[in-house]
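Residue-level structure breakdown
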Amino acid sequence: MLSLEHYRRDFPILHQKVNGFPLVYLDNAATSQKPQVVIDALVNYYQKINSNVHRGAHYLADQATIAFDETRKKVQKFINAQYPEEIIFTKGTTESINLVAFSFGEAFVSPQQEILITEMEHHANIVPWQMLCERKKAILKVVPVLEDGTLDIESFYRFLSPNTSLVAITHVSNVLGTINPIQEIIQVAHAAGAKVLVDGAQSVPHFQVNVQELDADFFVFSGHKIFGPTGVGILYGKKELLELMPPYQGGGAMIKEVTFERTTYNRLPHKFEAGTPNIADVIGLGVALDYVQNIGIENIALQEHALTEYATQQLQQIPSLKIIGNTPNKVSVISFVISGIHHYDLGMLLDANGIAIRTGHHCAQPLMRRFGVEGTARASFAFYNTKEEIHKLCEGVEKAIAVLT
Ligand code: PLP
């Protein structure tokens, strides 16, 4: 296994005791931890250059604007978008999807048209489409998931029709870890005349994403899952589509001219960025992406793949434990249930040993229903996790089984 363990030093939060034990943080799919350079960037912004962007004619405003605009270019490069103005800053994946559901929905979705999603979506990629379908009298169709956690691709082909307006699909499932065949899905959807939104919340932190190669129409993700701050996310959209879409919110910065009779709108990306943006956290996200690039996303991918394989092998040794999501093509997430033990009780007992995992429905209630469970325990890895931590997880689970059954 490639050793990236020395990078742990960059993450101050990892070096503490919780309930008397060294913290084992295995909840990275919910949010990743932040390296010191990102924390420093936030402090530096407020200590040295705090000012509003794109407005003031003074030194601080210039410095803040330069740093803010730099991040747009960093994101553009990171996902290989063609133009910086195709990168819209939002609060996170959830807001990015809501923006598209509202704005693309207003411009392009008519009654009786279909929106295609899948059974493995996070609520953030279900509810905005339900709301759109209600508003527009459109139809929501759901592609099922197979027993091993892969997408039922044959159903996808069957469900797709000239009536499909948009396919909204996760790149990687936050519960199953499944990596969906996004390139194929986009090609086929385009051939049917549909646009595609890819929820990249769980893919961008784990492997290289190239939006031009994928030919995605929209690609969304959150900064906080890729070692950046909370409160900042990305909507990538193809320029020609974004140009045709109406603004999502009205206010400062998104206008060209305002009169009481009529307002004209600013060019991209500002048309979609009403009001004062989250300047500090945008700058922090830029630093997080630099950090990832310095390590190399391909090295991160290798390390996490090795950790996930190792943890899968180790957990599978525990007789009463069942992993949900068994496709070989998966990322960094292991969901499991243990017969006779409620996932919440397991989470509490692990926490008592300093081990942080996620328990519950993971904002994917329909998927839980699909697998006939109320919730699961979920361990999710980042490159800074270690084999030793996986041993502690397994020991903790075995201890819990001994206590609870
Ligand atoms: N989509 C997926 C696949 C996720 O895993 C998450 C968060 O867990 C989201 C969307 C929502 O992200 P956020 O809460 O950062 O908006």
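Please read these numbers as outputs of a predicted model, since none were measured by experiment.

Turning to the nonpolar core, a few remarks are in order. In globular proteins that are soluble, nonpolar side chains generally tend to be buried together. In this structure, Val 167, Phe 219, Ile 226, Phe 227 and Phe 383 are the most contacted members of the largest nonpolar core, which totals 74 residues. Three or more residues apiece are contributed to this core by two domains, here domain 1 (4-30 + 297-404) and domain 2 (39-293). Ignoring anything within four residues of it in the chain, the contact list for Ile 226 reads Ser 32, Phe 78, Val 204, Pro 205, Phe 221, Leu 285, Ala 288, Leu 289 and Val 292.

We now examine the packing of aromatic side chains. Using the criterion set out here, one finds 16 aromatic pairs in the structure. Aromatic side chains Phe 156 and Tyr 157 sit 6.1 Å apart centroid to centroid with 80° between the ring planes, which places their arrangement in the edge-to-face category. When its relative accessible area of 1% is taken as the criterion, Phe 156 is described as buried. Take Tyr 157: its relative accessible area is 40%, and that puts it in the partly exposed class. A centroid spacing of 6.1 Å and a plane angle of 65° characterise the contact between Phe 227 and Tyr 384, whose relative ring orientation is edge-to-face. One end of the pair, Phe 227, is in the loop between strand 9 (218-222) and strand 10 (233-237); the other, Tyr 384, is in the loop between strand 17 (376-380) and helix 13 (387-404), with 157 residues separating them in the sequence. By relative accessible area, Phe 227 is classed as buried at 2%. By relative accessible area, which is 0% here, Tyr 384 ends up buried. Ring-pair connections join several aromatic residues into one group, and the members of that group are Tyr 7, Phe 11, Phe 227, Tyr 291, Phe 383 and Tyr 384. Positioned above the aromatic ring of Phe 159, the side-chain terminus of Lys 141 is 5.5 Å from the ring centre.

Now for empty space enclosed by the protein. Tallied over the full model, the rule gives 1 cavity of 30 Å³ or more. What the largest cavity holds in volume is close to 80 Å³. Looking at the largest cavity, the residues that line it are Asn 52, Val 53, His 54, Arg 55, Phe 68, Ala 253, His 270, Glu 273, Gly 275 and Pro 277. Across the lining of the largest cavity, the residue classes break down as 4 nonpolar, 4 polar and 2 charged.

Cut-off values and rules
Residues numbered from 1 in each chain as written. Predicted model: local features only at pLDDT ≥ 70, side-chain atom pairs only at ≥ 80, totals over all residues. Heavy atoms only, no water. Core = buried A, V, L, I, M, F, W, Y, C linked by side-chain atoms within 4.5 Å. Buried < 20%, exposed > 50% of the residue type's maximum accessible area, 1.4 Å probe, protein only. Domains from an automatic or database assignment. Contact = heavy atoms within 4.5 Å. Phe/Tyr/Trp six-rings, centres within 6.5 Å; stacked < 30°, edge-to-face > 60°. Helix = DSSP H or I, 4+ residues; strand = E, 2+ residues; numbered from the N terminus. Lys NZ or Arg CZ within 6 Å of the ring centre and 35° of its normal. 1 Å grid on protein atoms, 1.4 Å probe; cavity = no way out; pocket = protein on both sides within 12 Å on 5 of 7 lines; lining within 4 Å. Points joined across faces, edges and corners; volume = space filled by probe spheres on them. Nonpolar A, V, L, I, M, F, W, Y, C, P; charged D, E, K, R; others polar.

Scope: geometric values only; no functional claims are made or implied.
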